[in-house]
Amino acid sequence: MIFVARAYIIDDQDGMYFLTFRIVDWVDVFTREIYCQEILESFRYCRENKGLRLHAYVIMSNHLHVIMSAENNNLSSVLRDFKRHTANRIWDLINKGGESRRDWLLDRFQEAAHEHDRNSNYQIWHHDNHAIELVSYKFTLQKLAYIHLNPVRAGYVLEAAHWKYSSQRNYDGDSSILNIDLLDY
């Protein structure tokens, strides 16, 4: 008998999930404003055009934590499109911009592509999203706090609301760089 692991799979396409998107080999891509802006623009586009509900987020130097759901029972499809688009844009920005780490980044992402059959030329995102469905109030609040406190634990800021690339300010009722779909908690 063969058992297939079901952990970290998006089984309920209409469910709400805590997800982690990480750059291959934990490469610090999001230390540059231009790449963070690409993530924000992609979130905006997916919210406006693909039915993404973005409930919380934080952009760290080499990964993102989010709480998401989808209006159209298609969360996996939205995530696939988001990751594909942002990978292509990041690749293009590295190639075209004045990135001082250009050669190293391109080599690293090309090398990562050779490790998987899914990729042809490069890989930016790790394939696993570490999806955890949020089914209880208490667990959802734990993950929301985990997301917002990530920059504090990393020593980047003293207060969660001071991190520019986080939805903490949205939950505090302050102005923010990105509109989200607030949880009713």
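Fair warning: this is a prediction, and the values are worked out from it, not measured in the lab. (Residues numbered from 1 in each chain as written. Predicted model: local features only at pLDDT ≥ 70, side-chain atom pairs only at ≥ 80, totals over all residues. Heavy atoms only, no water.)

Some points on the packing of aromatic side chains
Scanning all chains against the criterion turns up eight aromatic pairs. Arranged with centres 6.0 Å apart and planes meeting at 55 degrees, the rings of F43 and Y57 form a pair that is tilted. Within this pair, whereas F43 is found in helix α1 (residues 33-49), its partner Y57 is found in strand β2 (residues 52-59), the two being separated by 14 residues in sequence. Judged on exposure class, the residue F43 and its partner Y57 are both buried. An angle of 5 degrees between the planes, with centres 5.0 Å apart, marks the rings of F43 and F82 as stacked. Placement of the pair is F43 in helix α1 and F82 in helix α2 (residues 75-96), with a sequence separation of 39 residues. (Phe/Tyr/Trp six-rings, centres within 6.5 Å; stacked < 30°, edge-to-face > 60°. Helix = DSSP H or I, 4+ residues; strand = E, 2+ residues; numbered from the N terminus. Buried < 20%, exposed > 50% of the residue type's maximum accessible area, 1.4 Å probe, protein only.)

Some remarks on the pairing of strand β3 (residues 63-70)
Taking burial as the measure, the eight residues of β3 include eight buried ones, the bulk of the element. Of the two faces of β3, the one holding H63, H65, I67 and S69 and the one holding L64, V66, M68 and A70 are both buried throughout. Two strands pair when backbone bridges link them, and strand β1 (residues 17-22) and β3 are joined in this way by six bridges, in the antiparallel orientation. When the sheet's bridge partners are listed, Y17 is paired in β3 with M68. The hairpin formed by β2 and β3 contains three residues between the paired strands. (Pairing = 2+ DSSP bridges.)

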